[in-house]
There are 2 protein chains.
Amino acid sequence: MLSKQTEKALQNRSAIREIFEYGMKRGQEIGFENVFDFSLGNPATPAPKKFDETIIKLEQTMDPLKLHGYTDNAGIMEVRDAVAKNLNKRFGTDFEAKSIVMTVGAGGAINTVMKTILDPDDEVIVFAPYFSEYDNYVANFYGKLVKIAPNFPTFQPNLDELKKAINKKTKAVLINTPNNPSGIVYSEESIKGIAEVLREKQKELGQEIYLISDEPYRELLFDGAKHYFVSKYYENTFICYSFSKSLSLPGERIGYIAIPKTMADWEKVALAIKTSTRILGFVNAPALMQMAVKECIDEQSDLEYYAKNRQILLDGLTKCGFTCAKPEGAFYLFLKSPIADDVEFCEHAKKYDLMLVNGSSFGCPGYVRLAYCVATDKIERSMEKFALLAKEYGLQ
Amino acid sequence: MLSKQTEKALQNRSAIREIFEYGMKRGQEIGFENVFDFSLGNPATPAPKKFDETIIKLEQTMDPLKLHGYTDNAGIMEVRDAVAKNLNKRFGTDFEAKSIVMTVGAGGAINTVMKTILDPDDEVIVFAPYFSEYDNYVANFYGKLVKIAPNFPTFQPNLDELKKAINKKTKAVLINTPNNPSGIVYSEESIKGIAEVLREKQKELGQEIYLISDEPYRELLFDGAKHYFVSKYYENTFICYSFSKSLSLPGERIGYIAIPKTMADWEKVALAIKTSTRILGFVNAPALMQMAVKECIDEQSDLEYYAKNRQILLDGLTKCGFTCAKPEGAFYLFLKSPIADDVEFCEHAKKYDLMLVNGSSFGCPGYVRLAYCVATDKIERSMEKFALLAKEYGLQ
């Protein structure tokens, strides 16, 4: 007697989860040091030292009733203010405390936005490749996810297809840059292009179309790549952020939604977002974590760790004869499968105990994802395996 | 361009929130010491000392990558095991780690259950008075909340009405004992009665009907009252728990769902619950808090604090001539309004700076809720105000 959606979700086993579980099983058989698991996007570098020191300080100095008590559904005012000021300083925006709603991570943020804007059968557009949970986040509220095919080989958003996909049912476009799974960073031209299309379509259809920017990887940029702050280009933008990656806190579920003043009725929308976060049962973002990220708002984990991993992996794979999408951000590398069937390629890679995730599960067949948030020496040691794999496909 | 449900939610301002905000405004005018705010159910006694010591110890001794990393969507296995063992010891149940899914508080737990079982238009039955958020939790998934009228003056569930309310669309019955807002504890006879009705109806209709037990106040019992552990009486029971009240951690959002082995397909259901908690964007219950509640699983805040407050309030109000529902649990007292119009009575009480919440907002006109999780001296000082209020209505 489970709901139809739940039955469906149970059948759609996550490809990531499946390969990860296979890797765990294999590790027990041959030793974990011999399994090259590139499946999970779990930070591999710890939270900054100051973060843990801050928690201890808060525990030692604050009144526990206040420290662990309910906060406003939108979060603690000083925390929201610190987030707003941090964004303004870095991106030249004009957020104020009221523009920010603290959330249970980016997953909580996106669901809160969906709850706030979606009626059943409303459409949300994504550009493939895209994070597979988006299917669920939109389905939770009986919306429909509309997928725009990958734009090979740049993976920048396809604006012509975007134009064609928008209709009266379109409530939002959901983007994710730096991108999971491709590691692609959207160019300024792309962001401007999306904004232009949306502005034009808003006018044509006489309705608001929201742009939802999911940006947990915003700080993970390489080779001088730049993040173009989306709400500066388009007025009706929701910024959904998580500290999971920048502070290495994925388990603590702390993030926020930022609502720019350029959004139509922004104060009403901010109140609606606060209401939705309560109604969905999040109630408030974890209180102690709110206080801790406030104190560490200018901190970052050692992101150089990922830069180093990326370079080793990229150089090694290129040498083997593989090609991949331009990897400018996040901690993912999107490799072109040497055969059309990426699922088969991932299966075959298991022969060398290489755990890769098929691109099909991100709406992008023909590619596979490698998460390089793993120990550097493991990446180094994996190279001879990749070389053997490449050889089988006649690369190099 | 907000969703229809969101527009509706914005109109339905919370009665609790409104009176609380009035109290805040009034406090700024006349001093907070002169405002007698009985509106909010926010714990008034701090977390046990061991809890904060545990957090510091975890921070000092654990690998931050592990401490703050993603956990399994269902929670950390050792934490789930500790919860299962604690329940088994106290209630003679036979949970195992796999039976427990850690959640973002009870709000997260109930939404996760609703997501798991509800198709649009499915019905969930509640007994008034009931916690007003249930309306939203069921509406989130396009279910329908069916309300059974209050059973004056005992407020025990009305079993005849329950029988009549059940039909093919009924997916669940949602109970909350000790009850918010009434402070009533359901008797063993009531729990048994509900179980019998549900079992009979399951057979008659050939379908499962779930019993969802929302029990954040389980440990707040007075005058020797007993909590009858619901899954021991009825097989298809979801236990939804929060540590918010027993450990005074409402802001930290930590709780669990327990799924008994007597539930049909319990292992599949447990997997579905784990999937739903991921899909709804909770992902996992906050990691550090999971570890901390594990270490403090046998701890409790100073619940005697509430017992003392309750006695002072009960004695005082009775002396003034007020009557109330038998207050055996939680930290609420449900007062009979001396006039039929409870909303007007609450308005009038503001004259004495007494902030009470109307019962109508809990589906129970004619009564008002007092949350006595406030400073004891304030309760003492409020008595002369209540005496003046009583006098106006010709009581005593």
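If you're wondering where the values come from, they're calculated on a predicted model, not measured in any experiment.

Caption draft 1: Main features of the environment of B:Gly107. When you line up the elements, B:Gly107 lands in helix 6 (residues 105-117). Between the alpha carbons of B:Gly107 and B:Cys240 there is a distance of 8.7 Å; along the sequence they are 133 residues apart. Other than its neighbours up to four places away in sequence, B:Gly107 contacts A:Gly281 and A:Val283.

Caption draft 2: Looking closely at the relation of the copies chain B and chain A. Take chain B, turn it by 180°, move it 0.0 Å along the axis, and it overlays chain A with an RMSD of 0.0 Å. Expressed as an axis order, the relation between the two copies is that of a two-fold axis. It is B:Ile56 whose C-alpha, among those of chain B, lies nearest the rotation axis, at 2.7 Å. Interface overlap between copies is the fraction of interface residues in one copy that are interface residues in the other; for chain B against chain A it reaches 100%, indicating a shared surface.

Caption draft 3: Focus on the sheet that holds strand 2 (residues 100-103) of chain A. Residues and elements named next belong to chain A. Here seven strands make up an open sheet; going across it, the order is 2-8-7-6-5-3-4 and the pairing mixed. Two strands close off the open sheet at either side, each with one partner strand: strand 2 and strand 4 (144-148). For this sheet the average axis-to-axis angle between neighbouring strands, irrespective of direction, equals 20°. Sheet analysis places strand 7 (residues 237-242) next to strand 8 (residues 255-258), joined by four bridges and oriented antiparallel. Residue Ser242 lies in a different strand from strand 8, and its bridge partner there is Gly255. Across the sheet, helix 10 (residues 266-279) touches strand 2 and strand 8, and the angle it forms with strand 2 is around 15°.

Caption draft 4: Representation of the domain arrangement of chain A in the model. All names here are of chain A. Along its sequence, chain A is carved into domain 1 (4-47 + 302-392) and domain 2 (49-295). Domain 1 and domain 2 are separated by 26 Å when their C-alpha centres are compared. Listed per partner, the contact involves 29 residues of domain 1 and 32 residues of domain 2. Per-class residue counts for the side of domain 1 that touches domain 2 are 16 nonpolar, nine polar and four charged.

Caption draft 5: Here's a closer look at the packing of helix 3 (residues 49-61) of chain A against helix 3 (residues 49-61) of chain B. With their axes 9 Å apart at the nearest point, helix 3 of chain A and helix 3 of chain B run at an angle of 160° to one another. Between helix 3 of chain A and helix 3 of chain B, the angle falls in the class roughly antiparallel. Every pair of crossing elements has a handedness; the one defined by helix 3 of chain A and helix 3 of chain B is left-handed. For the pair helix 3 of chain A and helix 3 of chain B, contact is made by A:Asp52, A:Ile55, A:Ile56 and A:Glu59 and by B:Asp52, B:Ile55, B:Ile56 and B:Glu59, respectively. A breakdown of the residues in the contact of helix 3 of chain A with helix 3 of chain B according to their chemical character gives four nonpolar, no polar and four charged.

Caption draft 6: Seen up close, the pairing of strand 5 (residues 170-175) of chain B. All names here are of chain B. With respect to burial, strand 5 is a largely interior element, six of its six residues being buried. Where strand 3 (residues 123-127) meets strand 5, four bridges bridge the pair, whose relative direction is parallel. Bridged to Ile125 within strand 5 is Val173. For strand 5 and strand 6 (residues 210-214), the ladder comprises four bridges, and the chain directions are parallel. Opposite Ala172, over in strand 6, you have Tyr210 as the bridge partner. At this point the chain moves from strand 5, through helix 9 (residues 188-205), to the parallel strand 6, and the crossover so formed is right-handed.

Calculation rules
Residue indices begin from 1 for each chain and proceed along its sequence in written order. Chain A is the first chain written and ligand 1 is the first ligand written, with later ones labelled in order. The predicted origin of the model limits local features to residues at a pLDDT of at least 70 and limits the giving and counting of side-chain atom pairs to 80 or more, whereas totals for whole chains, interfaces and linings rest on all residues. Helical segments are the DSSP runs of H or I of at least four residues, strand segments are the runs of E of at least two, and each set is numbered from the N terminus. Whether two residues are in contact depends on their C-beta atoms, placed from the backbone: they are in contact if these lie within 7 Å. Superposition of the copies used a least-squares fit over C-alpha atoms from residues whose pLDDT is at least 70 in both. Pairing between two strands requires that DSSP report at least two bridges joining them. Between N-to-C directions, angles span 0 to 180 degrees; the directions come from axes that are lines fitted to C-alpha atoms, helices contributing only their stretch in contact. Boundaries between domains were set according to an automatic or database domain assignment. Amino acid classes used here: Ala, Val, Leu, Ile, Met, Phe, Trp, Tyr, Cys and Pro are nonpolar; Asp, Glu, Lys and Arg are charged; the rest, including Gly, are polar. Throughout this description, any angle smaller than 35 degrees is read as roughly parallel, any larger than 145 degrees as roughly antiparallel, any in the 65 to 115 degree range as roughly perpendicular, and the remainder as oblique. Each helix crossing is assigned a hand: it is left-handed if the near helix lies turned anticlockwise from the far helix by less than a right angle, otherwise right-handed if that turn is clockwise. Counting other C-beta atoms within 10 Å of its own, a residue is labelled buried from 20 upward, exposed at 12 or fewer, and partly exposed in the gap between, with every C-beta atom placed from the backbone. Here the term right-handed applies to a crossover when the path leading from its first strand over the helix to its second strand runs clockwise, the strands being oriented away from the viewer.

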